[in-house]
Amino acid sequence: MLDLDGTLVHTLGDFVAALGCMLDELGLPAVTSGFIERTVGRGGEHLVRSTLAEAGGPAELFGHAWPLYQRIYAGLNGAHATVYPGVVEGLEALRFRGVPLAVLTNKPAAPAAELLRRKGLDGFFTHVFGGDSFERKKPDPLPLLKTCEALGTPPSATWMVGDSRNDAEAAHAAGCPLVLVTYGYNHGEDIRAVPAWRHVTRLDDITFF
Ligand SMILES: O=C(O)COP(=O)(O)O
Ligand SMILES: [Mg+2]
């Protein structure tokens, strides 16, 4: 199970552009990309709510801002995003070994699948699950357990590969072994302080066998 934002694709530029455009349309001031980097990873609703608060907007604006943000994001999805070095090589190596692969992100499933398609990564995965695919999101273990079910592999033999403590907490709670990439977004904290079986600087540094 691989996380998407901060693990497979560097999507910070998409979030910055979409939130900037949303704030502009709402007549609110811009927020910094540092704030956005610290805030991504807990799903779009959390990101929009936090951004409105950071920009000094009233919480009641969320009902209007959320569909507006989703519309803007869908239009630019992938335009300011790049696949991290080592990702294609790492996925090819895993596919070569016959490892079944799924994406498990807190991004809603539709833009997640579309981003993978636009970046040419969609062919690697048998399943793409998002923050709206199950009743709860990471760091709850439920989405990981459901993904294991879909892959047909027990949690103890199903690896979670992610970039944040959100992924780590979910993996520990689900009983899944964990690899963390060091280049993503970890709520502004050093990911090396989060325990994992291994920390890797590139996806093709993962060797399971
Ligand atoms: O919060 C999001 O929208 C996505 O974050 P994730 O892909 O790292 O789970
Ligand atoms: Mg992530």
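Small disclaimer: the values here were computed from a predicted structure and weren't measured.

1. Structural notes on the UniProt feature "binding site: Mg(2+)" (unreviewed entry) in the protein chain
Here's step 1: Per the UniProt entry, the sites bearing "binding site: Mg(2+)" (unreviewed entry) are Asp3, Asp5 and Asp163 in this numbering. Annotated residues spanning 161 residues; largest pairwise C-alpha distance 8.2 Å, indicating a single compact cluster.
Here's step 2: Its 26 C-beta neighbours within 10 Å are what place Asp3 among the buried residues.
Here's step 3: The contact partners of Asp3, leaving out residues within four places of it in the chain, are Leu104, Thr105, Val161, Gly162, Asp163 and Asp167.

2. Observations concerning the environment of Glu25
Here's step 1: As for its position among the elements, Glu25 is in helix H1 (residues 12-26).
Here's step 2: In this structure the C-alpha to C-alpha distance between Glu25 and Glu92, which are 67 residues apart in sequence, comes to 42 Å.

3. Re unusual backbone geometry
Here's step 1: Following Lys138, the chain continues to Pro139 via a peptide bond in cis, the omega torsion being 20°.
Here's step 2: As for its placement among the helices and strands, Pro139 is situated in the loop between strand E4 (127-129) and helix H7 (142-151).
Here's step 3: Even without being a glycine, His187 presents a positive backbone phi close to 50°.
Here's step 4: If you trace the backbone, His187 turns up in the loop between strand E6 (178-181) and strand E7 (198-200).
Here's step 5: Judged by C-beta crowding, with 14 C-beta atoms within 10 Å, His187 ranks as partly exposed.

The rules behind each value
- Residues numbered from 1 in each chain as written.
- Chains lettered and ligands numbered in written order.
- Predicted model: local features only at pLDDT ≥ 70, side-chain atom pairs only at ≥ 80, totals over all residues.
- UniProt positions renumbered as here; feature names shortened; annotations may be inferred.
- Buried ≥ 20, exposed ≤ 12 C-beta atoms within 10 Å, placed from the backbone.
- Contact = placed C-beta atoms within 7 Å.
- Helix = DSSP H or I, 4+ residues; strand = E, 2+ residues; numbered from the N terminus.

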